[in-house]
Amino acid sequence: LDKTNGYCIQKPPKNEAWDFKTEEKKLQGSLVSVAHRIDDIAVEVWFQKQDKVNPLDLSPKETAKGELKGIEEMKTKGDYKEVKVKELPKEVKFPGDGKPAAHYFRAIIKDRNDRELEWIEWIFISKANQGQYRVWVIGAPGEYDKKKKEIELILASFRSFKLPK
């Protein structure tokens, strides 16, 4: 439960293979990580509050396109050796939080050390607080498909709520 950023997420019930990580996150800026203890895969959450003074374009569609473009630009900067888009940004229903409309994409990235990671991202606007959430699944290629049932339980547990004033 993160009252400041208006969300909660849970690990699968009666499953000790998953745990919360606050220090060892895969992506800079993510708020929390629900990571598998043995296999290389984690669910991470990021939040952008709607600011009335400087409203941002929080369009999930535009954010998804920009995020994918940013990943591809990291390749030219040398952060990644290779970026393969498996699924272009498209509108889907997010598995949790009342199934809001989300924009989703999926890519495989290869880092400087030739390590491949699968990057899956959902971007949506919370009905409860009008903020934008990005929920990532990051891990070794194929791990999402192997653990899809467990991961979707984690995603389905995601709830957003009004922010404190």
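Residues numbered from 1 in each chain as written. Predicted model: local features only at pLDDT ≥ 70, side-chain atom pairs only at ≥ 80, totals over all residues. Heavy atoms only, no water.

Q: Help me out: how do you make sense of the nonpolar core in this one?
A: Soluble, globular proteins show a tendency: their nonpolar side chains are buried together. Within the largest apolar cluster, 24 residues are counted, with the highest numbers of intra-cluster contacts made by Ile9, Val43 and Trp122. Elements that contribute at least two residues to this core include exactly β3 (32-36), β4 (41-48), β6 (101-111), β7 (116-125), β8 (132-139) and α3 (148-156). For Ile9, the residues in contact, after removing those within four places along its chain, are Phe20, Val32, Val34, Val43, Val45, Ile154, Ser157 and Phe158. Grouped together as the second largest cluster of nonpolar side chains are 15 residues, Leu27, Tyr80, Phe105 and Ala107 included. (Core = buried A, V, L, I, M, F, W, Y, C linked by side-chain atoms within 4.5 Å. Buried < 20%, exposed > 50% of the residue type's maximum accessible area, 1.4 Å probe, protein only. Helix = DSSP H or I, 4+ residues; strand = E, 2+ residues; numbered from the N terminus. Contact = heavy atoms within 4.5 Å.)

Q: Got a minute to help me understand the sheet that holds β8 in this structure?
A: Sheets are built from strands that pair by backbone hydrogen bonding, the pairs being arranged parallel or antiparallel. The sheet built from 7 strands is open, its strands ordered β2-β3-β4-β8-β7-β6-β5 with antiparallel pairing. The open sheet has two edge strands with one neighbour each: β2 (18-21) and β5 (80-93). Taking the axes of each pair of neighbouring strands and ignoring which way they run, one obtains an average angle of 20 degrees across the sheet. Contacting β2, β3, β4, β7 and β8, α3 crosses the sheet at an angle of about 20 degrees to β4. (Pairing = 2+ DSSP bridges. Axes fitted to C-alpha atoms, helices over the stretch in contact; angles between N-to-C directions.)

Read these as geometric descriptors, not functional statements.
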